[in-house]
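So the chains spell out like this:
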Amino acid sequence: MDRARNPYTPNAGAPPRYFAGRATEVEDFRILLQRLAAGYTEQSVVVTGLRGVGKTVLLGEYRRIAEEEGWVPIDAEVSKNTDFGPQMANLARRALLQVSPKARWGERARAAAATLKSFSLTVQPDGSLTGGLDVEPGWGKADTGILTEDLADVFEAVGEAAKERESGVIFLFDEIQFLGRAELEALIGAVHRTVQRRLPVSFAGAGLPQLPGLAGEAKSYAERLFKFPLIGELPEAAAREALVEPARAEGVYLEPDAVEEILRYTEGYPYFLQEYGRAAWNLAEGPTITRADVQAAGDVVDAELDESFFRTRVQRSSPEELRYMRAMAHLGAEAHKAADVAGVLGKASEQVAPIRARLINKGLLYTPRHGYAKFTVPQFDRFMLRYMDLDVVPPA
Ligand SMILES: Nc1ncnc2c1ncn2[C@@H]1O[C@H](COP(=O)(O)OP(=O)(O)OP(=O)(O)O)[C@@H](O)[C@H]1O
Ligand SMILES: [Mg+2]
């Protein structure tokens, strides 16, 4: 059918034509903002889940809801290569200027600008992050150079300015598993401060499933400040809607058998659903997508997923990292003990521990419980088995 009208969106972070499921997460977020705005306290959210399950898309929804609720959403992606202090200085400055245009700064906003200025100069002494903050730095606030202390001052200042305008600020951070421990600790501490002061400022985030553990290590009270909803495959009815609804909006119908076939292959994983939907659409004569179309599209889907979803993850892996993942794949999709993987490789655990640590650091593996590791990408085991020559790892 007409490829130009293909309604599926197999791209990282691409808002789907039909946003399926996730009703609880969306509703909880709205209530969080409403409660904070009214001066109640509420646990904030950090959405966790494997690759391709829709975390970034959900954060996008959060952004939309925040705007609807009259909040200022400030979104950013964390990366290993960005310095978090300067990034925060920049985001907080954006937050303040959006909460309150300079011409209308009240007393609180002016005080906040002074705090942000001293913070900016502390993390970036060349002054390159102070644009728009033409007040004297409020020395004594946010200027210790210790991120945990300073970020709390920054959040408090932004919160006071937002409260003055009867608004709120929500920082939305993606990929927060890439924050270092000190940075995560600072962020949690800052939220703690705003909860104590009952200010309308918070942060919500998304990242890989090891986050609750990381957060708990950084600050023991993290679990009382945050909820960590785990999202994954869409439930069957929602997965069906994710397939059927985008087509229906274009006047195209999927045979029930065709839908079932796609659900079986994709197990309801959002990225896979979008990829399969797109391939079947492109191949079908139309105006109905049949089971035969879906079957014929299977090879295209395998190839597309290998190319766009799986292979990009392994591109920067060393041969020994690949061998490690291949060994894990050999054991199956579930979590595996380090010793068992080492066993497949014919080595002792300690010998391969650095490889395992690097894979966790790169976000390819995570540790669902102590001593165990699992792939962060759904169906990655299947990919590794077909991607790598069988002779790389001799069968155990
Ligand atoms: N609720 C949903 N309904 C339908 N499609 C969705 C939904 N959520 C996400 N998708 C689709 O799934 C794919 C993956 O979404 P997204 O990039 O948000 O995942 P992610 O969890 O952030 O992945 P990663 O960990 O790789 O960043 C996209 O193609 C998106 O269009
Ligand atoms: Mg994402």
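This is a predicted model, so every value here is computed, not measured.

### Brief notes about the overall build of the chain
Turning to step 1, where the next piece is worked out: Secondary structure assignment for the chain yields 16 helices and 10 strands.
Turning to step 2, where the next piece is worked out: The C-alpha atoms of the chain give a radius of gyration of 24 Å, which matches the 21 Å a tight globule of 396 residues would have.
Turning to step 3, where the next piece is worked out: For the chain, the spread of C-alpha atoms along the three principal axes comes to 65 × 60 × 35 Å.
Turning to step 4, where the next piece is worked out: A sequence separation of at least 24 residues applies to 75% of the contacts in the chain between residues at least 6 apart.
Turning to step 5, where the next piece is worked out: Of the roughly 17,700 Å² of accessible surface on the chain, 48% is carried by carbon and sulfur atoms.
Turning to step 6, where the next piece is worked out: A gap of 3 Å separates the mean positions of the 47 positive and 56 negative side-chain charges of the chain.

### Here we look at the packing of aromatic side chains
Turning to step 1, where the next piece is worked out: On inspection of all chains with the given rule, the structure shows 17 aromatic pairs.
Turning to step 2, where the next piece is worked out: When the ring of phenylalanine 272 is compared with that of phenylalanine 310, the centres are 6.1 Å apart and the planes differ by 50 degrees; the resulting orientation is tilted. Here phenylalanine 272, found in helix α11 (residues 270–283), pairs with phenylalanine 310, found in helix α12 (residues 291–314); they are 38 residues apart in sequence, far enough to count as distant.
Turning to step 3, where the next piece is worked out: According to the relative accessible area criterion, phenylalanine 310 is buried, its value standing at 1%.
Turning to step 4, where the next piece is worked out: Site record: aromatic cluster; members linked through ring pairs are Tyr269, Tyr271, Phe272, Phe309, Phe310, Phe375, Phe380 and Phe383.
Turning to step 5, where the next piece is worked out: The cationic tip of arginine 313 hangs over the ring face of phenylalanine 309; the distance from NZ or CZ to the ring centre is 4.8 Å.
Turning to step 6, where the next piece is worked out: A cation over an aromatic ring shows up here: arginine 369 above the ring of tyrosine 372, its NZ or CZ 4.1 Å from the ring centre.

### A few points about the site of ligand 1
Turning to step 1, where the next piece is worked out: As a structural note, the neighbourhood of ligand 1 is formed by 23 residues, with Thr9, Gly13, Ala14, Lys55 and Thr56 the closest of them.
Turning to step 2, where the next piece is worked out: At 2.9 Å, a side-chain N or O of arginine 51 approaches an oxygen atom of ligand 1.
Turning to step 3, where the next piece is worked out: The separation between an oxygen atom of ligand 1 and a polar main-chain atom of valine 57 is 2.8 Å.
Turning to step 4, where the next piece is worked out: Taken by itself ligand 1 offers 640 Å² of open surface, and the protein chains cover 97% of this.

### Re the pairing of strand β4 (residues 201–207)
Turning to step 1, where the next piece is worked out: Of all seven residues that make up β4, seven are buried, and the element is covered over most of its length.
Turning to step 2, where the next piece is worked out: Neither face of β4 is exposed, since Val201, Phe203, Gly205 and Gly207 on one face and Ser202, Ala204 and Ala206 on the opposite face are all buried.
Turning to step 3, where the next piece is worked out: Bridging between strand β1 (residues 44–48) and β4 involves three bridges; their strand directions are parallel. Paired with valine 46 across the bridge in β4 is glycine 205.
Turning to step 4, where the next piece is worked out: As paired elements, strand β3 (residues 169–174) and β4 share five bridges and run parallel to each other. Considered in β4, the bridge of leucine 172 is made with alanine 204.

### A word on the sheet that holds strand β9 (residues 365–366)
Across a sheet, paired strands are connected by hydrogen bonds in the backbone, their directions being either parallel or antiparallel.
Turning to step 1, where the next piece is worked out: Read from one edge of the open sheet, three strands run β8-β10-β9, paired in antiparallel fashion. Two strands in the sheet have a free side with no partner beyond their single neighbour: β8 (336–337) and β9.
Turning to step 2, where the next piece is worked out: Of the strand pairs in this sheet, β9 and strand β10 (residues 372–375) are connected by two bridges, and their pairing is antiparallel. Bridge pairing in β10 places leucine 365 opposite phenylalanine 375.
Turning to step 3, where the next piece is worked out: Together, β8, β9 and β10 form the strand contacts of helix α13 (residues 319–331), whose direction differs from that of β10 by roughly 90 degrees.

### Describing the nonpolar core
Turning to step 1, where the next piece is worked out: Counting 75 residues, the largest nonpolar core has Phe29, Tyr62, Ile289, Met325, Phe380 and Met384 as its most contacted members.
Turning to step 2, where the next piece is worked out: Not counting residues within four places of it along the chain, the set of residues in contact with isoleucine 289 comprises Met1, Val252, Tyr253, Leu254, Glu255, Ala258, Ala280, Trp281, Ala284 and Val294.
Turning to step 3, where the next piece is worked out: Grouped together as the second largest cluster of nonpolar side chains are 54 residues, Val72, Val99, Val201 and Leu211 included.

### Thoughts on the packing of helix α9 (residues 236–248) against helix α10 (residues 256–266)
Turning to step 1, where the next piece is worked out: Where α9 meets α10, the closest approach of the two axes is 10 Å, and the angle between their N-to-C directions is 115 degrees. Where α9 crosses over α10, the two elements pack in a sense that is right-handed. On the side of α9, the interface is formed by Glu236, Ala239, Arg240, Leu243 and Val244, while α10 contributes Val259, Glu260, Ile262 and Leu263.
Turning to step 2, where the next piece is worked out: Grouping the constituent residues of the contact of α9 with α10 by class yields six nonpolar, no polar and three charged.

### Overview of the side chain of threonine 48
Turning to step 1, where the next piece is worked out: Turning to its location among the elements, threonine 48 is positioned in strand β1.
Turning to step 2, where the next piece is worked out: Not counting chain neighbours up to four residues away, the residues in contact with threonine 48 comprise Lys55, Gly207, Leu208, Pro209, Leu211, Pro212, Phe228, Pro229, Leu230 and Ile231.

### Looking at α13
Turning to step 1, where the next piece is worked out: Between the first and last C-alpha of α13 there are 19 Å, a value that for 13 residues agrees with the 18 Å anticipated at 1.5 Å per step.
Turning to step 2, where the next piece is worked out: Listed in full, the buried residues belonging to α13 are Glu321, Leu322, Tyr324, Met325, Arg326, Ala327, Met328 and Ala329.
Turning to step 3, where the next piece is worked out: Among the residues trailing α13, glycine 332 stands out with phi positive, at a value near 120 degrees.

Rules used in this analysis
Residues numbered from 1 in each chain as written. Chains lettered and ligands numbered in written order. Predicted model: local features only at pLDDT ≥ 70, side-chain atom pairs only at ≥ 80, totals over all residues. Heavy atoms only, no water. Helix = DSSP H or I, 4+ residues; strand = E, 2+ residues; numbered from the N terminus. Rg over C-alpha atoms; globule rule 2.2 N^0.38 Å. Contact = heavy atoms within 4.5 Å. Areas by Shrake-Rupley, 256 points an atom, 1.4 Å probe, with all protein chains shown as cover. Lys, Arg positive; Asp, Glu negative; His and termini not counted. Charge placed at Lys NZ, Arg CZ, Asp CG, Glu CD. Phe/Tyr/Trp six-rings, centres within 6.5 Å; stacked < 30°, edge-to-face > 60°. Buried < 20%, exposed > 50% of the residue type's maximum accessible area, 1.4 Å probe, protein only. Lys NZ or Arg CZ within 6 Å of the ring centre and 35° of its normal. Near = heavy atom within 4 Å. Polar contact = N/O pair within 3.5 Å; in protein donor to acceptor, adjacent residues only side chain to side chain. Pairing = 2+ DSSP bridges. Axes fitted to C-alpha atoms, helices over the stretch in contact; angles between N-to-C directions. Core = buried A, V, L, I, M, F, W, Y, C linked by side-chain atoms within 4.5 Å. Left-handed = near helix turned anticlockwise from the far one by under 90°. Nonpolar A, V, L, I, M, F, W, Y, C, P; charged D, E, K, R; others polar. Expected span 1.5 Å × (residues − 1).

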